[in-house]
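The chain contents come next:
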Amino acid sequence: MKNKKTTFAAFLLSVAMGLTAFTDMIQQPKPVLYIIGDSTVQNSDGNGRNDYWGWGTPFGAFLDTTKISLQNRAKAGTSTRTFILDGRWDKILTTLKKGDFVIMQFGHNDHAGVADTGQQKGSLLGISDSTKDVMIIKTHKMETIHTYGWYMQKFITEAKAKGAIPIVCSLVPRNRWEKNGEVVKEAEYPEWAEAEAKKNGAYYINLNRIVARHWKELGQAEVKHFFPGDGTHTNLKGAQLNASCVAEGLKQIKDCPLNQYFK
């Protein structure tokens with residue numbers, strides 16, 4: 001009788017442990033990969049309007065979406081500065097949780113300038129603590145504008161404060177070539193992005209140079225087919241190549257936890 005009671009008790013214990021594990025699985029939501037950036041990451045609403053595509057949505061093809069969710073929150077026309085000013089970053093912070101990931105790629109619109117009479121969407125060049133007070137035409141208010149590096153640091157540190165894992169990408173190149181056959185780098189944005197990633201404990205992908213290497217292998221004539229309009233916004237094939245370069249860069253970072261979610 002005692003053996004039967006012991007066996008039954010062990011059975012109940014195993015059932016209880018199984019139920020607990022099952023409940024934990026149900027209660028723990030999948031991690032989310034948030035991608036933030038400009039139109040080179042998501043153009044329009046990621047629907048291919050005007051045949052323009054950013055790489056953020058095609059990147060989902062590399063992920064096992066049964067284990068991780070992808071939210072491409074990039075917005076055309078934004079810089080590091082305006083992505084924050086428009087409230088887009090704060091909205092992400094309301095749902096960002098431990099174990100999530102944030103891939104960030106900015107730079108094209110940061111280079112737009114801060115004192116022009118147009119959209120005034122740029123940030124100051126570099127990674128210093130320099131600031132500039134500018135009257136914003138749209139709001140008729142003064143704004144203290146910081147450097148590209150200052151805003152990138154804000155993304156990184158605030159993501160880490162939520163327990164999320166930040167991954168910095170340098171900006172994808174435009175279809176611009178030097179006379180010697182090299183792809184134009186776009187100021188020092190790759191170096192600035194890398195410096196902020198290293199200083200603040202984020203992973204870094206030099207996406208600019210990875211894409212440039214593939215373009216050089218393809219040749220200028222072939223790369224031209226990736227750009228249906230201007231030299232900045234790619235079609236779907238160009239976006240898919242850029243997405244594959246992001247995956248390539250991630251796989252080179254052996255200790256990056258996001259790699260476990262690849263197909």
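Check the entry above for the structure.
> How should the packing of aromatic side chains be read in this particular structure?
What describes a pair of aromatic rings is the distance from one ring centre to the other and the angle between the planes of the rings. The final tally for this structure, using the stated rule, is 14 aromatic pairs. With a centroid separation of 6.3 Å and an interplanar angle of 75°, the aromatic rings of F59 and F262 are classed as edge-to-face. Of the two residues, F59 is situated in the loop between β1 (32-37) and β2 (69-72) and F262 in the segment after α8 (236-251); the sequence distance between them amounts to 203 residues. Accessibility assignment for this pair places F59 and F262 in one class, buried. Each ring, one from W150 and one from Y151, has its centre 5.1 Å from the other, and the planes form 85°; the classification is edge-to-face. On the basis of relative accessibility, which here comes to 5%, the residue Y151 falls in the buried class. Here a set of aromatic residues connected by ring pairs shows up, and it is made of W55, F59, F62 and F262.

> Explanation requested: the pairing of strand β6 (residues 165-169) in the structure shown.
In the case of a regular strand, side chains alternate between the two sheet surfaces. Counting buried residues in β6 gives 5 out of 5 residues, a clear majority hidden from the surface. Across the two faces of β6 the burial is the same, with I165, I167 and C169 and P166 and V168 all buried. Inspection of the sheet shows strand β3 (residues 101-105) paired to β6 by 4 bridges, in the parallel sense. Each residue of the ladder has a partner; that of M104, found in β6, is V168. In terms of strand pairing, β6 meets strand β7 (residues 203-205) through 3 bridges, oriented parallel. Residue pairing for β7: V168 is matched across the bridge by Y204. Handedness of the crossover joining β6 and β7 through helix α5 (residues 189-200) is recorded here as right-handed.

> Looking at this structure, I do not really get the sheet that holds β7. What am I missing?
Pairing between the strands of a sheet is mediated by backbone hydrogen bonds and can be parallel or antiparallel. Pairing within the open sheet is parallel, and its 5 strands lie in the order β2-β1-β3-β6-β7. Strands at the two margins of the open sheet, each flanked by one partner only, are β2 and β7. Each adjacent strand pair in this sheet contributes to an overall mean axis angle of 20°, direction not counted. Pairing analysis gives 4 bridges linking β1 to β2, with the strands arranged parallel. In the sheet register, L33 faces β2, and the bridge partner there is L70. Relative to the sheet, α5 contacts β6 and β7, its axis offset from that of β7 by approximately 165°.

Calculation criteria
- Residues numbered from 1 in each chain as written.
- Predicted model: local features only at pLDDT ≥ 70, side-chain atom pairs only at ≥ 80, totals over all residues.
- Heavy atoms only, no water.
- Phe/Tyr/Trp six-rings, centres within 6.5 Å; stacked < 30°, edge-to-face > 60°.
- Helix = DSSP H or I, 4+ residues; strand = E, 2+ residues; numbered from the N terminus.
- Buried < 20%, exposed > 50% of the residue type's maximum accessible area, 1.4 Å probe, protein only.
- Pairing = 2+ DSSP bridges.
- Right-handed = clockwise from strand over helix to strand, strands pointing away.
- Axes fitted to C-alpha atoms, helices over the stretch in contact; angles between N-to-C directions.
- Contact = heavy atoms within 4.5 Å.

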